[in-house]
Amino acid sequence: MSTSPLDNLAAQKAELLEKVTSLSTLDELKEAEPFITGKRSILSALQKSLGQLEAVARADAGALLQEARREVEAALEARRSILSSQARAVALESDRLDLGDVVVSAVTVPVSVGHPGLVGSTQRELEDVFVGMGFVVAEGPEVETDWYNFEALNIPPAHPSRGMWDTFYVELGEPETVVLRTHTSPTQIHLMENAVANNSLPIHAVAPGTCYRRDTPDARHLATFHQIEGLIVDRNITFADLAGVIETFTHAYFGPDIESRLRPAFFPFTEPSAEFEITCTICRGEGCRTCSNTGWIELGGCGMLDPAVLSAVGIDGDEWSGFAFGFGIERCGQMRHQIADMRALIENDTRFLGQFS
Ligand code: FA5
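Residues numbered from 1 in each chain as written. Predicted model: local features only at pLDDT ≥ 70, side-chain atom pairs only at ≥ 80, totals over all residues. Heavy atoms only, no water.

Some details on the side chain of glutamate 277
Selection criterion: Put simply, DSSP H or I for four residues or longer makes a helix, DSSP E for two residues or longer makes a strand, and each gets a number counted from the N terminus. Here the term buried applies to any residue with accessible area under 20% of the maximum for its type, exposed to any over 50%, and partly exposed to those in between, with areas from a 1.4 Å probe on protein chains only. Definition of a polar contact: a pair of N or O atoms within 3.5 Å, with one able to donate and the other able to accept a hydrogen when the atoms are protein atoms, and with sequence-neighbouring residues admitted only if both atoms are side-chain atoms. Residue contacts are counted whenever heavy atoms from the two residues lie within 4.5 Å of one another.
Note that glutamate 277 resides in strand β7 (residues 270-279). According to the relative accessible area criterion, glutamate 277 is buried, its value standing at 6%. Only 2.7 Å separates the side chain of glutamate 277 from the side chain of arginine 261, close enough to count as a polar contact. A distance of 3.4 Å separates the side chain of glutamate 277 from the side chain of arginine 263, its partner in a polar contact. Not counting residues up to four positions away in its chain, the partners in contact with glutamate 277 are Glu259, Ser260, Arg261, Arg263, Trp296, Ile297, Glu298 and Leu299.

See below:
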């Protein structure tokens, strides 16, 4: 009985197909490929051996071998495709960002985070000083009626002193009856009204907040700025108490080396009134552009509560007396940090603002 090189073809093909199924990674497949369908495979060896056969037998055997090769090659390609998708899925899974990765990158990559601005931190420092002196911190609305911003503070309509405050009016109700507050002094009225309504006099409070004026920005002015109002209503309060509070504040906030002074001034809601000034910290009193060559910088106004204001809110001026003050928060920060021009605070130059973190 004649033998053919393809006598074991069925078993050899089965063995190759089994080998293909056992491949579990693309690397294994790549390594095994030459032995399955490549030059070093049994299929290639059989192909070579067909040369010994006679022409007719060779053609039949060649067709059989081709058929077996196609089957093994198809199985190998199918396996390659399965292993490729598995490898892609594994790669995707390892690329997925989970919370652990986020935390790790937040720790290792330097991230620039913000910090409170100079005005906010100055406000908090001022609050701290006054809380340390026994004041509570309150706040009032930024949009006020004409009554709170002016009339209750003894500034009737058309009174010439209204010219002290260049006002932004809000288009609400009758013309010029609602304003963006020009100062924090209306909080005096809210505090006193509340105390009367709740029968909770005395008052020892500060109220910081934003103010708006049609002021042209310059080295000491902005159109939107901040003040901190102070109000004491109690028994037997005198101007000496006011001067003592201002001096204690100056030393606590600016240190003992800074000189301060009170100069007579006029405010319709206090009598007597004064302006509170300190030595200009830019020129140390020598005179410079920031202080208009006076050597002094005005930080705020103050005075004893005018009896007309007390009676406007229903407080008996024979039993109670008090004082109020209003300091510019930007001015305080400006002098503490020796900033020659206040406009730097609103120019958003992070090289400048970053110094105060
Ligand atoms: C007043 O606003 C009074 N309400 C202060 C007051 C309160 C007096 C209680 C009596 C009793 P004046 O307009 O002077 O006063 O402003 C007070 C302070 O606010 C100024 O000294 C300054 O420090 C600050 N200030 C005023 N206008 C501006 C502005 N446009 N930009 C920045 N700061 C300002």
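Okay, back to it.
Digging into the sheet that holds β7
The criterion, for reference: For two strands to count as paired, DSSP must find a minimum of two bridges between them. Here an angle of 0 to 180 degrees is reported between the N-to-C directions of two axes, which are lines fitted to C-alpha atoms, with helices fitted over the stretch in contact.
An order of β1-β4-β5-β9-β8-β7-β6 is seen for the seven strands of this open sheet, with the pairing classed as mixed. Sheet topology places β1 (136-137) and β6 (260-267) at the edges, where each strand pairs with a single neighbour. Here 10 bridges tie strand β4 (residues 203-212) to strand β5 (residues 224-234), and the two strands are oriented antiparallel to one another. Across the sheet, the residue bridging to proline 208 is isoleucine 228, located in β5. Strands β4, β5, β8 (296-305) and β9 (321-328) of the sheet are contacted by helix α8 (residues 186-197), whose axis makes an angle of about 35° with β5.

Describing the site of the ligand
What counts here: Whether a residue is near a molecule or strand depends on its heavy atoms: if one lies within 4 Å, it is near. Residue-level accessible areas treat just the shown protein chains as cover; the underlying method is Shrake-Rupley with a 1.4 Å probe.
With respect to spatial proximity, 26 residues lie near the ligand, and among them His183, Ser185, Asp215, Leu222 and Glu298 are the closest. The contact in question runs from an oxygen atom of the ligand to an N or O atom on the side chain of glutamine 227, over 3.0 Å. One nitrogen or oxygen atom from the main chain of leucine 299 is found 2.9 Å from an oxygen atom belonging to the ligand. Taking 680 Å² as the accessible area of the ligand by itself, protein coverage stands at 96%. Tallying contributions element by element places β8 first for the shell around the ligand, with five residues.

A word on the domain arrangement of the protein
To keep things clear, this is the line we draw: As annotated, the domain borders come from an automatic or database domain assignment.
With domains assigned, the protein is organised as domain 1 (9-101) and domain 2 (118-353). Spacing between the C-alpha centres of domain 1 and domain 2 amounts to 88 Å.

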